Every structure is written in C-alpha cells, then in structure tokens.
Amino acid sequence: RRLAVVPQGGNTGLVGGSVPLFDEVIVSMSRMNSIISLDPLAGIVTCEAGVVLERLNEYLEERDFVMPLDLGAKGSCHVGGNAATNAGGIRFLRYGSLHGSILGLEAVLADGTVLDSLSSLRKDNTGYDVKQLFIGSEGTLGIITKLAILVPRKPKAVHVAFFGLSSYEKCLATLVRARSELSEVLSAVEFLDRSSLELVTRHLPGARDPLAASYPFYVLIETSGSDAEHDNEKLNRFLESVMTPSSGAGDAPGGEALVQDGTLAQDRTQMKALWKLREGIAEALMKNGVVYKYDISLPTDKMYDFVEDMQRRLGQRALVVGYGHLGDGNLHLNVSVPQHSTEVHGLIEPYLFERVHAHKGSVSAEHGMGQCKVKYLHFSKSPEAIGVMQRIKNLFDPHGILNPYKVLPARSAPT
Ligand code: S2G
Ligand code: ZN
C-alpha cells in the first residue's frame, strides 16, 4: 500500500527521529526483544533490535561482558535504536563508535526484503560493508531487526574521580594529563560547568556537590581496568600530579595546581552518585523549564567559548549551560528558559550552527538529525555528500516511505 512508516524503539531520541509528523504508521520494535546468543570465546552477542540497552548490559555483566556503549536513556532505549542513530554515550572514549562494535545486522527494506547481513566475523573483506549504511541511518534506509555486537570483557576494576577546576583551560590540561598518565585504563572524561551542577543539586533529590567549595568547572574521570591494585596506584599517582602546584613550566601557571579540589569514589554507591551529577543534567534541565538542546562536535579547545558566547548573546533571557564528553570533543550546549520563546529560539538558530560551520564542527555529534536538525545538514555536509545521500535514499526507498521528513532535506511527500 506504500504506507509511510516510522520505526520506533525506546523513543528516547532527542531530535524527533522516532516521532511521526503526519499519518505515518508507527512500527514498534518492542516485541522483537529476544537475546539470541552469546559467543563467549569471540565476545559477540546476537540479539533482536527491541532489546532494552540496560537489560542487554545486565545479561552481559552476568556473563562477564559489558555493552560497548552506555547512556543516560539506557533504561528505555533499544539497542536497535542505538544502532539506527549511531548513539555515542559515555563509553565512547573507551570503546569507540558502533560502526566498529556492530559486526553484522539484519534489516527489512522498504519492499519487504529481509537483508541478512548478520555476520559474526571480526574480519570480512568481501565487497561493500553494507551494514554500515544502516548504522546512523535513523530508520530511513531500512528497519534494523537484529544485531551482532562485539562486546568487551567486564572491567574488573572501575574507579571514578570528580574534580573542581578554576578554568576551562585547566580542564583541557587535565584531559591531556589523563590521556598520557592513565592511557589504557582511561574509560571516560566528562566535563560540566557550575550552572549544570547547580541545576542537578537543585532538581534531583539526593544529588549533592561532593566538594567543599564551588568551582566554575568540573571534570569526571573514570578508569576501567583488569587489575584493581595497578589501576588504583596509577590513579593515585595521577591525582597527586594534577593536585600538586606546578613549577609553571608545564600546563598550569606557576605555583598553581591543575585541579583545585577532587574526590575519589570509595565504593560503587559513591561512583553512581558522582556519575549522577553528570548524567542527571538532562533530567534537571527538563525540570527547570523549557530547554533548547544542542549536541555539537567542535575543536575541544573551542567548546566552552561557544557557551560563553551564547550566554553573552542571550543575556538575562535564558540560562546557558555547557557539559559533555570532553574526551570526544562533544559539547552539549543547552539553553533553559521558563517557557518557549520564539525570540530566544530565533537568537540561537541558525546563529549557533553558522558558528559551528565556521569552526568545521558538526551540528549533531551523537544525537542524529531526526526532524529537528534536517534543515541544518548543509552546515556539516557538502552539497556533493548530501547528493550522494539522496541517491542512496532513492535506491533503498524510492517511494520515500521509510521515516519520511527525517535526516535528509525534505523531498516531495511519499509517493
Ligand atoms: C548526554 C544525553 C542527554 C541530553 O548527557 O551525554 O547525550 O539530553 C546527552 O543531553
Ligand atoms: Zn552525550
């Protein structure tokens, strides 16, 4: 009948990718939720698309593995949706992109063809790697129904430290030190500004600032390794190095320490409490009013300039907060207002995306395009690249029935 459809997993997306615009039929993946197999030797799990991320991670942890991604929406999002949006999350620094972790998938095409590309081979160099087209396609080229995912061993030793810093430059220097001194056990480097932390401690019951004084910036560092003693020693050496006043020769002004204060979680409860200060920002923003969300990739040293520039531009009209994945050059710039304001929204867009373009950044680092970012695709992709995407779309979905009006600039309505 050529009815347009919207594939829907956990519906946790932040750019309206799983929400219909007109009369599209929603295809819910929730009942395709079986975990099919785990190859414990190769570390490859095969499952259906509708498995909730947290459930799959728990299944894997019981068997001494973990999922190579973790994100705040884990309790609701589906792994099929994670694949369709090429989700990033807080383990990206350690385990990289789903383009690397997903070894194979099954997808149903617009004409009903079931594409079996469900390989469980680490290496398979036979022709085009077709599965890659579906990862990040947001349901516009086919509906992902099964996945084969390379899963890492569950780390035996995890440590989390939370630091207060007096400048964004010191956050950057701390990142550089962490990379060189923690190297192979480093699994996350996240940052948040003071406004973000204040929203969390204000809106989330039980969330409290673990440091005695307040600082303009905070960095959360996580290590994940296989030898608790070795990692603990490495982390304590690192803590000492960043909290000792420098001679001035290196990365901090003379006589100043990189980190002004810090705390190291002593147990799993404290680790979760520190992670909550970072992962709870999104929820706190929702409780604070209406929020305009921006998920941008930038040169890491420029990220916070964007927050300060936007705060200057909006003045008292809005609260601008900055947080994100410092280790991936991924800034979450969020603008909080008491109620929707076309004036504020008009001051932000397209101004922000023009600046992202000028810095050769990405208008969507990990959240995807959905329906909200479509008109800004040209700020991050060349006309030639968009043309190739349109030709691929026409090849896979000539009648435009798969998640229409998403990802690519609008064509005519589905035919
Ligand atoms: C994050 C997801 C939550 C949000 O916290 O890393 O990708 O709304 C975000 O920004
Ligand atoms: Zn994020």
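Before reading further, recall that the structure is shown in the block above.
These numbers were taken from a predicted model, which means no experiment stands behind them.

Draft legend 1. Region of the structure containing the coordination of the zinc ion (ligand 2). Donor atoms from the polypeptide that coordinate the zinc ion (ligand 2) comprise H325 (NE2), H332 (NE2) and E366 (OE), at 1.8 to 2.1 Å from the metal. For the zinc ion (ligand 2), the donor residues sit on a single chain with the sequence spacing H-x6-H-x33-E. Each member of the pair, H325 together with H332, is buried.

Draft legend 2. Structural view of the side chain of S187. For S187, the position within the fold is in strand β9 (residues 186–193). At 2.8 Å, the side chain of S187 and the side chain of E222 are in polar contact.

Draft legend 3. Molecular detail of the side chain of E366. Looking at the element boundaries, E366 is found in the loop between α13 (351–358) and α14 (383–396). At 5.9 Å, R278 is the nearest oppositely charged side chain to E366, a buried residue that forms no salt bridge. When neighbours within four sequence positions are excluded, E366 is seen to be in contact with T85, N86, A87, G88, G89, D295, H325, N330 and H332.

Draft legend 4. How the structure looks around the sheet that holds strand β8 (residues 157–165). Read across the sheet, seven strands follow the order β11-β8-β10-β9-β13-β14-β12 without closing on themselves; strand pairing throughout is antiparallel. Strand pairing shows two members of the sheet lacking a second neighbour, β11 (261–264) and β12 (290–297), which therefore form its edges. Across the sheet, the mean angle separating the axes of adjacent strands is 15° when strand polarity is ignored. The pairing of β9 with strand β13 (residues 319–325) spans two bridges and is antiparallel. Within β13, the residue paired with L192 across the bridge is Y323. Sheet strands in contact with helix α10 (residues 281–288) are β9, β12, β13 and β14 (330–337), and its direction is about 165° off that of β13.

Draft legend 5. Here's a closer look at the state of the cysteines. Scanning the entire structure with this criterion turns up zero disulfides. In this structure C47 is a free cysteine whose sulfur lies 12 Å from that of C77, the closest cysteine sulfur available. Given the relative accessible area of 0%, C47 is considered buried. C372 forms no disulfide, and the closest cysteine sulfur to it belongs to C77, at a distance of 18 Å. You can call C372 partly exposed: its relative accessible area is 37%.

Draft legend 6. A look at the site of ligand 1. Near ligand 1 you find L14, R278, A282, K293, Y323, H325, H332, E366 and H367, and these make up its full shell. For ligand 1, an oxygen atom lies 2.6 Å from a polar atom in the side chain of K293. A distance of 3.1 Å separates an oxygen atom of ligand 1 from a polar atom in the side chain of H325. Protein contacts shield 81% of the accessible area of ligand 1, which totals 280 Å² for the unbound molecule. Partitioned by chemical class, the residues of the shell around ligand 1 number three nonpolar, three polar and three charged.

Draft legend 7. A look at the packing of aromatic side chains. If you walk through the whole model with that rule in mind, you get 13 aromatic pairs. Aromatic pair Y376 and F379: ring centres 6.1 Å apart, planes at 25°, arrangement stacked. Like F379, Y376 is buried. Over the ring of F306 we find R355; its NZ or CZ atom is 4.4 Å from the centre of that ring.

Draft legend 8. Seen up close, the sheet that holds strand β7 (residues 143–150). The strand order across the open sheet formed by five strands is β3-β4-β7-β5-β6, and the pairing between neighbours is antiparallel. Each end of this open sheet is capped by a strand with a single partner; those strands are β3 (35–39) and β6 (114–117). Adjacent strand axes in the sheet meet at a mean angle of 10° when their direction is disregarded. In the sheet, β3 pairs with strand β4 (residues 44–48) via four bridges, with the strands oriented antiparallel. Of the residues in β4, the one forming a bridge with I35 is C47. With respect to the sheet, helix α1 (residues 53–61) is in contact with β3, β4 and β7, its orientation differing from that of β3 by roughly 35°.

Draft legend 9. Region of the structure containing the nonpolar core. Core analysis: the largest hydrophobic core is formed by 54 residues, its most contacted members being F163, L326, L333 and V335. Broken down by element, the residue count for this core peaks at seven residues, all from helix α6 (residues 168–182). V51, L60, C77 and L98 belong to the second-largest nonpolar core, a separate cluster that totals 37 residues.

Draft legend 10. Highlighting the pattern of salt bridges. With the rule as written, the count across this model stands at 20 salt bridges. The shortest N-O distance in the salt bridge between D301 and K302 comes to 3.4 Å. Note that D309 and R312 form a salt bridge whose closest N and O atoms lie 4.0 Å from each other. One end of the pair is D309 and the other is R312, both in helix α11 (residues 303–314) and three residues apart, which spans about a single turn. R312 gets classed as exposed once you look at its relative accessible area, which sits at 62%. Here the residues in one salt-bridge network are D70, K74, R91 and E279, joined through shared partners.

Draft legend 11. Local environment of the pairing of β13. In terms of burial, β13 is largely enclosed, as six of its seven residues are buried. As judged from the seven bridges shared by β13 and β14, these two strands associate in the antiparallel manner. What sits directly across from G324, in β14, is L331. In sequence, β13 turns back onto β14 through a hairpin of four residues, with G329 there showing a positive phi of about 65°.

Parameters and conventions
Residues numbered from 1 in each chain as written. Chains lettered and ligands numbered in written order. Predicted model: local features only at pLDDT ≥ 70, side-chain atom pairs only at ≥ 80, totals over all residues. Heavy atoms only, no water. Donors = N, O, S within 2.8 Å, 3.2 Å for Na, K, Ca; no water. Buried < 20%, exposed > 50% of the residue type's maximum accessible area, 1.4 Å probe, protein only. Helix = DSSP H or I, 4+ residues; strand = E, 2+ residues; numbered from the N terminus. Polar contact = N/O pair within 3.5 Å; in protein donor to acceptor, adjacent residues only side chain to side chain. Lys, Arg positive; Asp, Glu negative; His and termini not counted. Salt bridge = Lys/Arg side-chain N within 4 Å of Asp/Glu carboxyl O. Contact = heavy atoms within 4.5 Å. Pairing = 2+ DSSP bridges. Axes fitted to C-alpha atoms, helices over the stretch in contact; angles between N-to-C directions. Disulfide = S-S within 2.5 Å. Near = heavy atom within 4 Å. Areas by Shrake-Rupley, 256 points an atom, 1.4 Å probe, with all protein chains shown as cover. Nonpolar A, V, L, I, M, F, W, Y, C, P; charged D, E, K, R; others polar. Phe/Tyr/Trp six-rings, centres within 6.5 Å; stacked < 30°, edge-to-face > 60°. Lys NZ or Arg CZ within 6 Å of the ring centre and 35° of its normal. Core = buried A, V, L, I, M, F, W, Y, C linked by side-chain atoms within 4.5 Å.

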